Amino acid sequence: MRVPLSWLREYVDLPATETGRDVQAKLISAGLEVETVEQLGADLKGPLVVGQVLTIEELEGFKKPIRFCTVDVGRANGTGEPQEIVCGARNFAVGDKVVVVLPGAVLPGGFSISARKTYGKTSHGMICSADELGMGDDGTHGIIVLPPEHEVGTDAIELLQLVDEVLDIAVTANRGDCLSIRGVAREAAIAYGRPLLDPALLDVPAPNAYGYPVKVSDPFGCDRFTARTVTGLDPEARSPIWLQRRLQKAGMRPISLAVDVTNYVMLELGQPLHAYDRTRVQGAIGVRRAERGEQLTTLDGVTRTLSTEDLVITDERGPIGLAGVMGGADTEIDDTDGTTTEVVIEAAHFDPVAIARTARRHKLGSEAARRFERGVDPQAASAAAQRTVDLLVLLAGGTADAGVTEVVAPSAPRTITIPADHPDRVAGVTYGRETVVRRLQQIGCDVYGTDELIVTVPSWRPDLADPNDLAEEVIRLEGYENLPSTLPRPLPGHGLTDRQRLHRRVGRALAGAGYVEALNYPFLGEAVFDQLGLDADDPRRTVVTLVNPLSDEEPALRTTLLPGLLGALRRNDGRGSHDLALFETGLVFRPTGHEQVPARLPADRRPTQEQLAALDAALPRQPRRVAVVLAGAREQAGWWGEGRPSDWADAVEAARIVAREAGAELIVRADQHAPWHPGRCAALYVRVDGEEVLAGHAGELHPRVVKAMHLPERTCAMEIELDLLEQAGDGIVRAPRISSFPVATQDVALVVDKPVPAAEVEAALREGAGELLEAIRLFDVYENAEQLGDGRKSLAYALRFRAPDRTLTVDEASAARDAAVALAAERTGAVLRG
């Protein structure tokens, strides 16, 4: 909501010295989100005056039409002589009143004006357009042509209200009343302790039987409908400059007098209105739900098929407007032919939920829908209609019809009972009854009672529904900054849980290994499963779908971390970062199919343990996982040597890094699992309670997946379940023991069949070597059919032996090595090479 400060001052007597920044600070303190204060005309310097075109000479021989004009600017130029100006615009004629900027002036943007020679003539100034003056979109293109009643030489800066400050307020969903000058003025009046000149306090005639006929068939969807008629309008009347400028400053484009007046009143009072050409409305105006298959062409020229949930405005032909969203083209006021002399003004109050759903269903956002869905003051409809009638009579010479139609569904004022000390107990501050009553009265509440207050909520605040809402209003107006800051006291002995510690250790370890954390939204679209090449019965395709998703393209909760990470990798690669290593830790959502709909929990007391257990049982399984993706170079090339591209082994090593942080033994075996390459995929197992459990996969992605997701070639990925690693680990991080005795290193090369996993050979060597083995590392894999035989490979390991209490002898180290080789030969058929 854009609020011009000059407009706000009409309803609140703000101190003359207060700037837009001062008002911004006050409103922010009161709880409004004032994002910016725009300084209009801050760098504008005159002379800028009204001039009248005397002569126009068309200059020939140039690529574009050029005109040499003489303009009467009165005594503004100091001589009274006509001003000679060169201009390329063609939307003005001799005798028109225009805006002229004279030499010595400065236009917005620091553009200085001086006499200069151009197109063979000397131009002493410039005839201005709206864009050049920073006025925004006025609906026209070219020079500003003023109404003829303005005198030559008049200061155009003041006439066009070019100097002002505009507050840009981000109105939250619960404060629909602040989508109006009236609502913001009320907040400013409270903040400054000044009275509010309420623009809705008008003398409104009582409804009678002579008004335009209206029939409301759905009183729940429309609980109030006011109709007023104005006749005898001057079809040539145009919106005055002050009205156009206020609309422009508020971010709206002037269109025509009748439409501009309804928009102006909507901005002023917050009540959306609609004006119908009375000659185009046939029969009584009705309000009902649309019938199946009905169609309506809205003002934007789009023919829309209506839903039975849509609330529509009708006449005897059928729908003539989407209630609270947009009018229909059949009853549009068209000023281009100058035939509209009679209008019917609609000021109604519609159900916010119905309007919000209609606007989203038809993807049709409008200023009216934006206000209705946040809550509009139903009591303001009559005043808004009267204000519109008054302006049309004043500006277009119309006559207000004596008939007044008002259809109102019976309703009682909303009351809330609240203990007088409730805000004190919520805030932890003693405000006292007087302060509570005063603050509630300032926002428009009627308050009765002593210890127990009976509060009647004002019609313009539909968001106030319970005692806590009222407490929030008191706290807000007393100042959030005045609330004491109190740190919670943690119980002794409580700190991070084991799960939290592991989560942090894993993140630090991966960051230390060169990975960058990328946090992604936990949502996905099911089309990504086809890109990943998952089978139709893959459990990852079973998703939890959100009832109200942020995006229709991603309505489901993720069952794997890879789509989000791969999307981040694709975006970064497309923006020039080609050497990438990303990781993420987070929850995935894996429904079991046995979840049940939980009962609604009570709000007036703490839920029981049984109720909380039922709530937990309704949730899908949510394991915590960690995933990495890699592309490009893993080691950069330079003067130090050649680089190395990332490959499947790096993805497996990332899993080992995570497993080491968890203190878990990782078992790696070859596998085939989408979306990985069938020949470069590793299954990752851990031992939980003595049994091997599949924890994840790592390797290079399938080429079809890389192509479908537009990823860099040879992209690799790893995903593993962190909760399983925690169960498999010992849970305690032990510092490494440093021995003062030397290490004994023994290398061994074993020849095995190609299908034998290196992990099995390593496990046998580790077990056979016994307690003296400190570390084992695979440092070479060699395949040569001539030397080793068909289907055979050589695995070379470095074994490090050390005793904690002595220096090992060569015989001891050799014996441990021989025992390790013997057990590997027994279990895997390994033979010493050579």
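What counts, and at which threshold
- Within each chain, residues carry numbers counting from 1 in the order of the written sequence.
- Given that the model is predicted, a residue must reach a pLDDT of at least 70 before its local features are reported, and side-chain atom pairs must reach 80 or more before they are shown or counted; all residues, however, enter totals for whole chains, interfaces and linings.
- Derived side-chain values reflect all non-hydrogen atoms in the structure, with water molecules and hydrogen atoms excluded from consideration.
- For Phe, Tyr and Trp, rings pair up if their centres lie within 6.5 Å, where Trp contributes its six-membered ring, and each pair is then called stacked (planes under 30 degrees apart), edge-to-face (over 60) or tilted (otherwise).
- When a residue's accessible area, from a 1.4 Å probe over protein chains only, is under 20% of the maximum for its type it is buried; when over 50% it is exposed; and in between it is partly exposed.
- Any Lys NZ or Arg CZ found within 6 Å of a ring centre and within 35 degrees of that ring's normal is scored as a charge over the ring.
- For salt bridges, the criterion is a side-chain nitrogen of Lys or Arg within 4 Å of an Asp or Glu carboxyl oxygen.
- Starting at the N terminus, helices and strands are each numbered in turn, a helix being any DSSP run of H or I of at least four residues and a strand any DSSP run of E of at least two.
- N or O atoms closer than or at 3.5 Å make up a polar contact, with two conditions inside protein: a donor-capable atom paired with an acceptor-capable one, and, for residues adjacent in sequence, both atoms drawn from side chains.
- Here, two residues are considered to be in contact whenever any of their heavy atoms come within 4.5 Å of each other.
- Multiply 1.5 Å by the residue count of a helix minus one, and that product is the helix's expected span.

Chemist: Hey, could you go over the packing of aromatic side chains for me, with residue numbers and the actual values?
Modeler: Summed over the entire model, instances satisfying the criterion amount to six aromatic pairs. With 6.3 Å between their ring centres and 20° between their planes, Tyr521 and Phe523 make a pair best called stacked. Judged by relative accessible area, which is 66%, Tyr521 ranks as exposed. Centroid distance Trp639 to Trp640: 5.5 Å. Interplanar angle 80°. Geometry classified as edge-to-face. Residue class for Trp640 comes out exposed when judged on its relative accessible area of 54%. Among the aromatic residues, those joined into a ring-pair cluster are Trp7, Trp242 and Tyr264. In this arrangement the basic side chain of Lys26 is found over the ring face of Tyr192, its NZ or CZ atom lying 5.3 Å from the centre.

Chemist: Just give me the short version of the pattern of salt bridges, but keep the residues and values in it.
Modeler: Within this structure, the stated rule accounts for 59 salt bridges. Between Asp377 and Arg182 there is a salt bridge whose closest N-O contact spans 3.2 Å. With Asp377 in the loop between helix 8 (367–372) and helix 9 (381–396) and Arg182 in helix 4 (residues 181–192), this residue pair connects regions lying 195 residues apart in the sequence. Exposure remark for Asp377: the relative accessible area of 8% places this residue in the buried category. With a closest N to O distance of 3.3 Å, Glu653 and Arg660 form a salt bridge. Ionic contacts of the salt-bridge type, sharing partners, join the residues Arg175, Asp177, Glu187, Arg461, Asp463, Glu473 and Arg476 into one network.

Chemist: Go over the side chain of His697 with me, naming the residues and quoting the values.
Modeler: The topology assignment puts His697 in strand 37 (residues 691–701). With relative accessibility at 6%, the residue His697 sits in the buried group. Of the polar contacts made by the side chain of His697, one reaches the side chain of Asp671; its length is 2.8 Å. Among all residues touching His697, those that are not within four sequence positions of it are Asp671, His673, Trp676, Cys681, Ala682, Ala683, Leu684, Ala717, Met718 and Glu719.

Chemist: How would you explain helix 12 (residues 467–478) if you had to name every residue and give the values?
Modeler: With 12 residues, helix 12 extends 17 Å from end C-alpha to end C-alpha; this agrees with the ideal 16 Å at 1.5 Å per step. Looking only at helix 12, the buried set comprises Asp469, Leu470, Ala471, Glu473, Val474, Ile475, Arg476 and Leu477. Packing partners of the buried residues in helix 12 comprise helix 2 (20–29), helix 4, strand 25 (415–419), helix 10 (422–427), helix 11 (433–442) and strand 27 (452–456). The backbone nitrogen of Asn468 has a side-chain oxygen 2.9 Å away, supplied by the residue at the start of helix 12, namely Asp466. Positive phi appears at Gly479, one or two residues downstream of helix 12, with a value of about 105°.

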